[in-house]
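# Examination of the molecular architecture
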Amino acid sequence: MRPRHPDTSAPNSDAPLVIVGNGMAGHRLVEALLKQAAPPRHIVVIGEERSPAYNRILLSPLLAGEMEANALTLRNADWYAEQGVTLMLGERVEHIHRERQQLTTSAGHTLGYGQLVLATGSRPAMPPLPGLDLEGVYAFRDLDDAAALTKAAAKGGNAVVIGGGLLGLEAAEGLRKRGMGVTLIQRDDRLMNRQLDDTAAGMLEVELTGRGLGVITNGHIAELADDRQGRVAGVRLEDGTWLPATCVVVAIGIAPNAELGRQAGLGVERAIVVDDHLATSDPAIFALGECCQFDSNLYGLVEPIWRQVEVLAAHLCSAVEDEPVAGYVESPTATKLKISGVSLYAFGPTDADEHHDVLVYHDPDQGEYRRLLLRDGRLEGAVLYGDTSMGPWYFAQALAGRDLTLCRSALLLGAADADALLDSSQSPDSTNRPVKEAA
Ligand SMILES: Cc1cc2nc3c(=O)[nH]c(=O)nc-3n(C[C@H](O)[C@H](O)[C@H](O)COP(=O)(O)OP(=O)(O)OC[C@H]3O[C@@H](n4cnc5c(N)ncnc54)[C@H](O)[C@@H]3O)c2cc1C
């Protein structure tokens, strides 16, 4: 279906709400706006990618050959048309003219806006390395990347993945499952160093190397070398190690797409700065998702973005000024890895300080590990490997800031045991009962 392009127009009260970016945040915002009692009369969504919004998270199972591309679609273009939402795809917003409340796109369209939401996400961060522009060097961010990697994997041969975080691990395992010989290079001394402690990272490494994945930690890259015909031939490490590869994936992190905000003269630090109602320094312009910065926080997982969406949708549709919408509040996020056969769950700090009470359960034969960090009886961090069923319960306790002192002895065993202890400790006849007796 051809998109209906709004007319070139000067700002007026009928100007649409324009959302830049049809990614996960931009799309979720449309869904949330349509559920409001008084949704905006006219919504326009402009997205640079040619496909309508899809579940980016599922690019990993797609690359691993566990899903079909069409299963990732969130809503197709017909759905947008049925909702009366104008969807303009394959078009990049290039300029915002704030004084006229207009924007221009790469296709030469000029649109007026009443309110504008920037949901431009982020792009893969690139290390300062020679050879990044060679053919055969990929990122892993969108459907085109997944398709290009799938095509490269079909030719077989060796791949090198740069980055031992969530994304790098999922890319490496995807290529390995498609038959490539894969080596992953991690600059830190352990995999997923932001989420896992040494023990859990070691267990993960043993599992993955057992499947045939090469893992190099403390790996420092000197260059990506070419085959003298413009294609990548391999990766050379600073210690001289040579890793031949026809495919190199860079997955070291993300950089917020904040240029549009910067060009428009909005407040931008590491990303587009927003307040707790997601407003930028211009009250008619909002930003959310990976392109925004709230306090000093940047975003790379969807959970906090979903909460931003709810706040912004309610704020944009709130007609009554004296009924303010509750603002966005930062809160911790838990991490899971999407590699089949590997179960891990983590949140909070990985390194204990002298005030942490550290509880550990480790059964190497069963491949199970749980480590909890408590401060003054309250859970601050957890790393679970193997059986992760307790993860959401631990996370809920941490979010609630619940004092777990009375169930400390049962904490590593299961939610039922711990809850029973906490409940019994709250019954009138057991207030002061020692934990051991209650157990
Ligand atoms: C492979 C992979 C696996 C992931 N797995 C997980 C996971 O397991 N759990 C989790 O929580 N998160 C995961 N993430 C992260 C999650 O996908 C992102 O946090 C989320 O997509 C961010 O949403 P966003 O809308 O801010 O950005 P995006 O989804 O990237 O959307 C931004 C959109 O804006 C478009 N755009 C940018 N600039 C312009 C412009 N000037 N004009 C028009 N359009 C523009 C982009 O093309 C893009 O389509 C994963 C990400 C990847 C890549």
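Residues numbered from 1 in each chain as written. Predicted model: local features only at pLDDT ≥ 70, side-chain atom pairs only at ≥ 80, totals over all residues. Heavy atoms only, no water.

Moving on, we come to the overall build of the protein chain. The number of helices and strands found in the protein chain is 11 helices and 25 strands. Relative to its length of 439 residues, the protein chain is compact, with a C-alpha radius of gyration of 25 Å against a globular reference of 22 Å. For the protein chain, the spread of C-alpha atoms along the principal axes amounts to about 75 × 70 × 35 Å. When each of the 439 residues of the protein chain is scored for burial, the buried share is 49%. Contacts in the protein chain between residues far apart in sequence, at least 24 positions, make up 61% of those at least 6 positions apart. (Helix = DSSP H or I, 4+ residues; strand = E, 2+ residues; numbered from the N terminus. Rg over C-alpha atoms; globule rule 2.2 N^0.38 Å. Buried < 20%, exposed > 50% of the residue type's maximum accessible area, 1.4 Å probe, protein only. Contact = heavy atoms within 4.5 Å.)

Moving on, we come to the pairing of strand 22 (residues 344-347). As a general feature of sheets, a regular strand has side chains that alternate between the two faces. Side chains of strand 22 alternate between two faces, with Leu344 and Ala346 and Tyr345 and Phe347 buried alike. By the bridge criterion, 2 bridges tie strand 21 (residues 335-336) to strand 22 in an arrangement that is antiparallel. Bridge assignment links Thr335 to a residue of strand 22, and that residue is Ala346. By the bridge criterion, 4 bridges tie strand 22 to strand 25 (residues 378-385) in an arrangement that is antiparallel. Its bridge partner being in strand 25, Ala346 is matched across the sheet by Val383. (Pairing = 2+ DSSP bridges.)

On to the site of the ligand, then. Residues in close proximity to the ligand total 31 residues, the closest being Ala25, Glu49, Arg141, Glu290 and Lys338. Measuring from a nitrogen atom of the ligand, one finds a backbone N or O atom of Val93 at 2.9 Å. In this structure, Glu290 approaches the ligand through a side-chain N or O atom, which is 2.5 Å from an oxygen atom. Partitioning the shell around the ligand into residue classes produces 14 nonpolar, 9 polar and 8 charged. Each of domain 1 (17-123 + 255-317) and domain 2 (137-252) contributes no fewer than three residues to the shell around the ligand. (Near = heavy atom within 4 Å. Polar contact = N/O pair within 3.5 Å; in protein donor to acceptor, adjacent residues only side chain to side chain. Nonpolar A, V, L, I, M, F, W, Y, C, P; charged D, E, K, R; others polar. Domains from an automatic or database assignment.)

Moving on, we get to the side chain of Thr105. Along the chain, the position of Thr105 falls in strand 5 (residues 102-105). A relative accessible area of 5% places Thr105 in the buried class. When neighbours within four sequence positions are excluded, Thr105 is seen to be in contact with Ile46, Glu91, Arg92, Val93 and Glu94.

Before going further, it helps to spend a moment on the nonpolar core. Grouped together as the largest cluster of nonpolar side chains are 54 residues, with contacts concentrated most on Ile19, Leu33, Leu103, Leu116, Val117 and Leu118. Here this core gets 8 residues from one element, more than from any other, and that element is helix 8 (residues 302-317). If sequence neighbours within four positions are ignored, Leu103 has contacts with Val18, Val20, Ile46, Val93, His95, Ile96, His97, His109, Thr110, Leu111, Tyr113 and Leu116. Leu149, Leu184, Val249 and Tyr369 belong to the second-largest nonpolar core, a separate cluster that totals 43 residues. (Core = buried A, V, L, I, M, F, W, Y, C linked by side-chain atoms within 4.5 Å.)

Before going further, it helps to spend a moment on the packing of aromatic side chains. All chains considered together, the criterion is met by 6 aromatic pairs. Between Trp79 and Tyr80 the ring centres are 5.1 Å apart and the planes differ by 90 degrees, which places this aromatic pair in the edge-to-face class. The exposure class assigned to Tyr80 is buried, which follows from its relative accessible area of 0%. Centroid distance Tyr345 to Phe347: 6.5 Å. Interplanar angle 85 degrees. Geometry classified as edge-to-face. Ring-pair connections join several aromatic residues into one group, and the members of that group are Phe294, Tyr299 and Tyr328. A cation over a ring is seen here: Arg28 above Trp306, with NZ or CZ 4.0 Å from the ring centre. (Phe/Tyr/Trp six-rings, centres within 6.5 Å; stacked < 30°, edge-to-face > 60°. Lys NZ or Arg CZ within 6 Å of the ring centre and 35° of its normal.)

Here we come to the sheet that holds strand 7 (residues 115-118). In space, the 5 strands of this open sheet follow the order 3-2-1-7-19, with parallel pairing throughout. Each edge of the open sheet carries a strand with a single partner, namely strand 3 (86-89) and strand 19 (285-287). Across the sheet, the axes of successive neighbouring strands diverge by a mean angle of 15 degrees, strand direction being ignored. By the bridge criterion, 4 bridges tie strand 2 (residues 43-47) to strand 3 in an arrangement that is parallel. Bridge pairing in strand 3 links Val45 to Leu87. (Axes fitted to C-alpha atoms, helices over the stretch in contact; angles between N-to-C directions.)

As a further point, take the UniProt feature "domain: FAD/NAD(P)-binding" (unreviewed entry) in the protein chain. Feature annotation in UniProt places "domain: FAD/NAD(P)-binding" (unreviewed entry) on residues 17-296, given in this structure's numbering. Along residues 17-296 one finds 23% helix and 28% strand; the C-alpha atoms at either end are 27 Å apart. (UniProt positions renumbered as here; feature names shortened; annotations may be inferred.)

Right, let's get into the sheet that holds strand 21. Pairing in this open sheet of 5 strands is antiparallel, and the strands run 21-22-25-24-23 from one edge to the other. For this open sheet the edge positions go to strand 21 and strand 23 (357-363), each flanked by a neighbour on one side alone. Helix 6 (residues 198-210) contacts strand 22, strand 23, strand 24 (368-375) and strand 25 of the sheet and is inclined by roughly 15 degrees relative to strand 25.

Once that is clear, we can look at the environment of Ile221. The residue Ile221 is located in strand 13 (residues 221-226) in this model. Taking the relative accessible area as the measure of exposure, Ile221 reaches 13% and is therefore buried. A sequence separation of 63 residues divides Ile221 from Ala284, and the C-alpha atoms of the two residues are 45 Å apart. Here Ile221 is in contact with Leu129, Ile162, Ile185, Val235, Arg236, Leu237 and Glu238, once residues within four sequence places are set aside.

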